[in-house]
Amino acid sequence: HPMAGVQDEDVTVTVGETRIRADTTVVLPEAEEDTSTEDIIADRISRGFAQVSDDPEAFGQLFFNRMAQSMFFLLPAFALFLKAAYRKRPYLHHAVFAIYLHCFVFILVTLTAIPDVVGLPKLASMMDVLLLTAPLYLVLAMKRFYDEGWPPTLLKCWAVSITYAVLGGATMAGLLFMSLLTI
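A brief report on the enclosed structure follows. (Residues numbered from 1 in each chain as written. Predicted model: local features only at pLDDT ≥ 70, side-chain atom pairs only at ≥ 80, totals over all residues. Heavy atoms only, no water.)

What follows is about the overall build of the protein. Of the regular secondary structure elements, the protein holds six helices and two strands. The secondary structure elements of the protein, listed N-terminal to C-terminal, are β-β-α-α-α-α-α-α. Expressed as a percentage of the 183 residues in the protein, the buried residues total 23%. Within the protein, counting contacts between residues at least 6 apart in sequence, those at least 24 apart form 57% of the total. Taken as a whole, the protein presents about 13,400 Å² of accessible surface, with 67% of it coming from carbon and sulfur. (Helix = DSSP H or I, 4+ residues; strand = E, 2+ residues; numbered from the N terminus. Buried < 20%, exposed > 50% of the residue type's maximum accessible area, 1.4 Å probe, protein only. Contact = heavy atoms within 4.5 Å. Areas by Shrake-Rupley, 256 points an atom, 1.4 Å probe, with all protein chains shown as cover.)

See below:
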């Protein structure tokens, strides 16, 4: 039924930036064959690899941005692993410990990255030795903070570290996969 005051040829529909009159016949492209989810993912991954080979810096930037965002998940998870190892303390104590530990590691990573940024690759490779202090710091910090003997501290440190490494590895693999799909 016609709208009051509107003639048929004046009615238009806007789709995106295209205006189509109501009396116009629109021919849509034929639908593509149904493709499986596996085919779509495989296609995106192969396009992702092609784009990575064309612009590896863009991929690295995307991946490291996502890695930084994943710390909002990994840091509380680390505190949760500590809570499992040391059940008597409240979660907040473990969260504070996790924040301090991660800050220490971020400072180490920053110190080892500075020589690369300023163009001193030989100094950068020597600075990488600093990263080896992180596990030692973890053991000493756990010993002091949780005030237990060496055997339980070493055992709990080993268990928490292995669990966190597995979660971190799975997170990095997932981020790599997602980055390949979306680059």
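This part is about helix H3 (residues 91–117). Here H3 is 27 residues long and its end C-alpha atoms lie 38 Å apart, about the 39 Å a rise of 1.5 Å per residue gives. Inspection of H3 places His94, Ala95, Phe97, Ala98, Leu101, His102, Leu108, Thr112 and Pro115 among the buried residues, and these make up the whole buried set. In the segment just after H3, glycine 119 is the residue with positive phi, at about 85 degrees. (Expected span 1.5 Å × (residues − 1).)

This next bit is on the nonpolar core. Among the nonpolar cores identified, the biggest contains 24 residues, and Leu74, Phe78, Leu82, Phe97, Leu138, Met142 and Tyr146 are the most heavily contacted of them. Of all the secondary-structure elements, those providing two or more residues to this core are helix H2 (56–85), H3, helix H5 (133–146) and helix H6 (150–182). Tallying contributions element by element places H2 first for this core, with nine residues. Apart from residues no more than four positions distant in its own chain, leucine 82 is found in contact with His94, Phe97, Met142, Tyr146 and Val160. (Core = buried A, V, L, I, M, F, W, Y, C linked by side-chain atoms within 4.5 Å.)

Here arginine 66 is to be found in helix H2. Buried within the structure, arginine 66 lacks any salt-bridge partner; its nearest side chain of opposite charge belongs to aspartate 55, at an N-O separation of 14 Å. Polar contacts involving the side chain of arginine 66 include one to the main-chain carbonyl oxygen of methionine 178, which spans 3.3 Å. If near-sequence neighbours (up to four positions away) are discounted, arginine 66 is found in contact with Leu175, Met178, Ser179 and Thr182. (Lys, Arg positive; Asp, Glu negative; His and termini not counted. Salt bridge = Lys/Arg side-chain N within 4 Å of Asp/Glu carboxyl O. Polar contact = N/O pair within 3.5 Å; in protein donor to acceptor, adjacent residues only side chain to side chain.)

Side chains of residues three or four places apart in an α-helix project in the same direction, reflecting 3.6 residues per turn. With 33 residues, H6 ought to run about 48 Å at 1.5 Å a step, and its terminal C-alpha atoms sit 46 Å apart, in line with that. Buried residues of H6: Thr153, Cys157, Val160, Tyr164, Leu167, Gly168, Thr171, Leu175, Ser179 and Leu180, and no others. Packed against the buried residues of H6 are helix H1 (37–54), H2, H3 and H5.

Here the structure, examined in full by the defined rule, presents eight aromatic pairs. Consider the rings of phenylalanine 59 and phenylalanine 63, whose centres lie 6.4 Å apart with planes at 20 degrees: the pair is stacked. On the criterion of helical spacing, the pair formed by phenylalanine 59 and phenylalanine 63 is a turn pair, its members being four residues apart in helix H2. A relative accessible area of 12% places phenylalanine 59 in the buried class. Here phenylalanine 78 and tyrosine 164 contribute two aromatic rings whose centre-to-centre distance is 4.8 Å and whose plane-to-plane angle is 65 degrees, an arrangement assigned as edge-to-face. Taken as a pair, phenylalanine 78 in helix H2 and tyrosine 164 in helix H6 lie far apart in primary sequence, 86 residues in all. Comparing phenylalanine 78 with tyrosine 164 shows no difference in burial state: the two are buried. Through a chain of ring-to-ring contacts, the aromatic side chains of Tyr86, Phe97, Phe145 and Tyr146 assemble into a single cluster. (Phe/Tyr/Trp six-rings, centres within 6.5 Å; stacked < 30°, edge-to-face > 60°.)

The next point concerns the pattern of salt bridges. The tally for this structure, following the rule as stated, stands at two salt bridges. The partner of aspartate 43 in a salt bridge is arginine 47, with the nearest N and O atoms 3.1 Å apart. Within this pair, aspartate 43 and its partner arginine 47 are both found in helix H1, separated by four residues, close to a single helical turn. Assessed through its relative accessible area of 46%, arginine 47 is described here as partly exposed. Notably, a salt bridge pairs lysine 156 with glutamate 148, separated by 3.1 Å at the nearest N-O pair.

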